[in-house]
Amino acid sequence: IIAFGENLPEKELNDGFYHGKKADLVLCLGSSLRVTPAADMPMESVERGGKMIIVNLQRTPLDKHGIRINAFIDDVMIGLMKR
């Protein structure tokens with residue numbers, strides 16, 4: 001758990017950006033996508049042609065770069081897993 005104002009561990013931060021660059025699809029679940037540097041990771045994929053799906057009850061700064069589903073995460077994931 002990382003508290004507000006704390007830095008992410010360096011390895012996890014680097015891994016996040018590495019995988020963001022390689023991802024074809026990024027699922028952003030329940031994040032405001034406002035706290036950097038983690039909020040910058042999804043754009044690593046989008047900038048390389050990847051797709052982004054945001055599931056959140058509020059708007060985010062990255063909504064225009066992907067598809068935002070205004071719903072509870074559990075409802076979306078349960079429906080997805082049933083398919």
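Here we take up the overall build of the protein. When its secondary structure is counted, the protein shows three helices and three strands. What you see in the protein, going N to C, is helices and strands ordered as α-β-α-β-β-α. Each principal axis of the C-alpha atoms in the protein carries an extent, and together these give about 35 × 30 × 25 Å. Going through the 83 residues of the protein one by one, you find that 27% of them count as buried. Here the protein carries 11 positive and 11 negative side-chain charges, and the mean point of each set is 9 Å from the other.

Here A71 shows up in the loop between β3 (67–69) and α3 (73–82). Sequence spacing of A71 and I54 is 17 residues, and the spatial spacing of their C-alpha atoms is 9.8 Å. Contacts of A71, omitting those with residues within four sequence positions, involve V55, N56, L57 and V76.

Let us look at the pattern of salt bridges. Taken as a whole and judged by the stated rule, the model has three salt bridges. The shortest N-O distance in the salt bridge between D15 and K11 comes to 2.6 Å. With D15 and K11 both in helix α1 (residues 10–22) and four residues apart, this pair spans about one turn of that helix. Taking relative accessible area as the criterion, D15 reaches 29% and is therefore assigned partly exposed. As a salt-bridge pair, R68 and D63 come within 2.8 Å of each other at their nearest N and O atoms. On the basis of relative accessibility, which here comes to 17%, the residue D63 falls in the buried class.

Cut-offs used in this document
Residues numbered from 1 in each chain as written. Predicted model: local features only at pLDDT ≥ 70, side-chain atom pairs only at ≥ 80, totals over all residues. Heavy atoms only, no water. Helix = DSSP H or I, 4+ residues; strand = E, 2+ residues; numbered from the N terminus. Buried < 20%, exposed > 50% of the residue type's maximum accessible area, 1.4 Å probe, protein only. Lys, Arg positive; Asp, Glu negative; His and termini not counted. Charge placed at Lys NZ, Arg CZ, Asp CG, Glu CD. Contact = heavy atoms within 4.5 Å. Salt bridge = Lys/Arg side-chain N within 4 Å of Asp/Glu carboxyl O.

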